[in-house]
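Here are the chains, one letter per residue:
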Amino acid sequence: MQTVIITGGTDGLGKGLALHHLRQGAHVVALGSTAGKGEALLAQAEALAGRATFVRADLTSLAACRGVVERLAADHPVVDKLILCAQRYRLLGGRATTGEGFEHSFALAYLSRFVLSHGLHDVLRAARRPVVMNVGTPGVPLGRIHWDDLQLTRAYSGAKATLQSFRANDLLGVAFGVLHAGSGVSYVGYNPGVVSTGMPASLPQPLRAATRAFFTVFATSVPKAIEPMTVLLDDPPAEPFTAHWGRRRLPLDGRAFDRDDALRLHELTQELISR
């Protein structure tokens, strides 16, 4: 029986992937922040005669992420798949920080994935064909790393913070592939495109209504969106790091996947989280 860990596994794409792997007979460990959604997933798993575990966790907290890594590594000496989907957009409003002082988007969308990716490496490499899938926006030429102000204490905007977290995840995958080359763990950066999820519910009006209308016309359904994802998860590339937009594999040339930038961000992140 495979073990599949999914952050954001009780909603949207994460939940779609959780249900898929439950039907395939895997043990699914879903991480989320809402108990009610976790209980709903467990009920669906029971109806499917599947094995699921819900771990309630605040992934904006570095301490909580480290605790999750310790718990998961202790409970699951072999992990076949780690799927990183957790995200909550904060496009409007002022700059928000976590209890540990990190900018919110940076903490949830990047730092949590950094800690989980590297922290679970040893239990991943124990699997036969291990894979990490980081769901973001590789291939989108928007946003950049603000090297002189990673926490965006100056000239903050929600869009700038969100886009920086996406670009940071591109580099996270590159650095992971370099630092863990030869371990057998395949790291996949994945862009699902526009998917019909519950994301608009977190937006204020009138943006919520406009986004829902856009999704109605242009968004792909979750069942359809996960099809190419499951192909990559079941048959991961042999290379340490690859990037994909739907069914299209992306070239790794260009600044978005620059090796030196990736290692630079890795070192800066290590400094930040060790303080």
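What you are looking at is a predicted structure, and each value in this text was computed from that prediction instead of being measured.

Novice: Any chance you could explain the overall build of the chain here in plain terms?
Specialist: What the chain contains, in helices and strands, is nine helices and eight strands. The C-alpha atoms of the chain give 18 Å as radius of gyration, which agrees with the globular expectation for 275 residues (19 Å, within 12%). Viewed in the frame of its principal axes, the chain has a C-alpha envelope of about 50 × 45 × 35 Å. Classification of the 275 residues of the chain by burial places 53% in the buried group. Accessible surface computed for the chain: about 12,300 Å², of which carbon and sulfur atoms make up 52%. Put simply, the chain has 29 plus and 23 minus side-chain charges, and the middle of one group is 6 Å from the middle of the other.

Novice: Teacher, can you tell me more about the sheet that holds strand β1 (residues 3–7) here?
Specialist: For sheets, the rule is that strands pair by backbone hydrogen bonds, running either parallel or antiparallel. With mixed pairing, eight strands are arranged side by side in an open sheet as β3-β2-β1-β4-β5-β6-β7-β8. Sheet topology places β3 (51–56) and β8 (248–249) at the edges, where each strand pairs with a single neighbour. Pairing of strand β2 (residues 27–32) with β3 involves six bridges; the strand directions are parallel. Looking at β3, one finds that alanine 30 is bridged to phenylalanine 54. The strands touched by helix α1 (residues 12–23) are β1, β2, β3, β4 (81–84) and β5 (131–135); relative to β1, the strand with the most contacts, the crossing angle is about 165°. Along the sheet, helix α2 (residues 35–47) makes contact with β2 and β3, crossing β3 at roughly 175°.

Novice: I'm lost on the packing of helix α6 (residues 158–179) against helix α9 (residues 259–273) in this one. Help?
Specialist: Geometrically, a packed helix pair is captured by the angle between its two axes and the distance between the axes. Interhelical geometry of α6 versus α9 gives an angle of 95° and a closest axis separation of 8 Å. It follows that α6 is roughly perpendicular to α9 by the angle criterion. From α6, Ala168, Leu171, Val174, Ala175, Val178 and Leu179 reach across to α9, where they touch Arg259, Asp261, Ala262, Leu263, Leu265 and His266. When the residues that make up the contact of α6 with α9 are grouped by side-chain class, the tally is nine nonpolar, one polar and two charged.

Novice: Would you mind showing me how to read α1 here?
Specialist: Residues separated by three or four positions in an α-helix point in the same direction, a consequence of the helix having 3.6 residues per turn. With 12 residues, α1 extends 17 Å from end C-alpha to end C-alpha; this agrees with the ideal 16 Å at 1.5 Å per step. By the criterion of burial, α1 is predominantly enclosed, with 10 of the 12 residues buried. All of the buried residues in α1 are Gly12, Leu13, Gly14, Gly16, Leu17, Ala18, Leu19, His20, His21 and Leu22. In the segment just after α1, glycine 25 is the residue with positive phi, at about 90°.

Novice: I would appreciate a short explanation of the packing of α1 against helix α8 (residues 222–234) in the present structure.
Specialist: Where α1 meets α8, the closest approach of the two axes is 10 Å, and the angle between their N-to-C directions is 60°. Here α8 runs oblique to α1, going by the angle between their axes. For the pair α1 and α8, the crossing hand works out as right-handed. Where α1 abuts α8, its residues Gly12, Leu13, Gly16, Leu17, His20 and His21 lie against Val222, Ala225, Ile226, Met229, Thr230, Leu233 and Asp234.

Novice: It is not clear to me how the nonpolar core should be interpreted in this structure. Could you clarify?
Specialist: When a protein is soluble and globular, its nonpolar side chains tend to lie buried together. Counting residues in each nonpolar core, the largest one holds 46 residues, and the members touching the most others are Ile5, Leu31, Tyr110 and Leu120. Among the secondary structure elements, those contributing two or more residues to this core are β2, α3 (62–75), β4, α4 (104–119), α5 (121–125), α6, β7 (241–245) and α9. Of all the elements, α4 adds the most residues to this core, at eight residues. Not counting chain neighbours up to four residues away, the residues in contact with leucine 120 comprise Ile5, Val69, Leu72, Ala73, Leu82 and Val115.

Novice: For this particular structure, what's the right way to read the packing of aromatic side chains?
Specialist: Think of a pair of aromatic rings as described by two things: how far the centres are apart, and how the planes are tilted against each other in angle. Taken as a whole and judged by the stated rule, the model has five aromatic pairs. Taking the centre distance of 5.1 Å and the plane angle of 55° together, the rings of phenylalanine 106 and tyrosine 110 count as tilted. Of the two residues, phenylalanine 106 and tyrosine 110 both sit in helix α4, four residues apart, roughly one turn of that helix. For the pair phenylalanine 106 and tyrosine 110, a shared accessibility class is recorded, and that class is buried. Between the aromatic rings of phenylalanine 241 and phenylalanine 257, the centroid separation amounts to 5.9 Å while the plane-to-plane angle is 50°, which identifies the pairing as tilted. You can see phenylalanine 241 sitting in strand β7 and its partner phenylalanine 257 sitting in the loop between β8 and α9, a full 16 residues away along the chain. Look at phenylalanine 241 and you get buried, because its relative accessible area is 8%. Across from the ring centre of tryptophan 147, 4.1 Å away, lies the NZ or CZ of arginine 264, which sits over that ring.

Rules and cut-offs
Residues numbered from 1 in each chain as written. Predicted model: local features only at pLDDT ≥ 70, side-chain atom pairs only at ≥ 80, totals over all residues. Heavy atoms only, no water. Helix = DSSP H or I, 4+ residues; strand = E, 2+ residues; numbered from the N terminus. Rg over C-alpha atoms; globule rule 2.2 N^0.38 Å. Buried < 20%, exposed > 50% of the residue type's maximum accessible area, 1.4 Å probe, protein only. Areas by Shrake-Rupley, 256 points an atom, 1.4 Å probe, with all protein chains shown as cover. Lys, Arg positive; Asp, Glu negative; His and termini not counted. Charge placed at Lys NZ, Arg CZ, Asp CG, Glu CD. Pairing = 2+ DSSP bridges. Contact = heavy atoms within 4.5 Å. Axes fitted to C-alpha atoms, helices over the stretch in contact; angles between N-to-C directions. Parallel < 35°, antiparallel > 145°, perpendicular 65-115°, else oblique. Nonpolar A, V, L, I, M, F, W, Y, C, P; charged D, E, K, R; others polar. Expected span 1.5 Å × (residues − 1). Left-handed = near helix turned anticlockwise from the far one by under 90°. Core = buried A, V, L, I, M, F, W, Y, C linked by side-chain atoms within 4.5 Å. Phe/Tyr/Trp six-rings, centres within 6.5 Å; stacked < 30°, edge-to-face > 60°. Lys NZ or Arg CZ within 6 Å of the ring centre and 35° of its normal.

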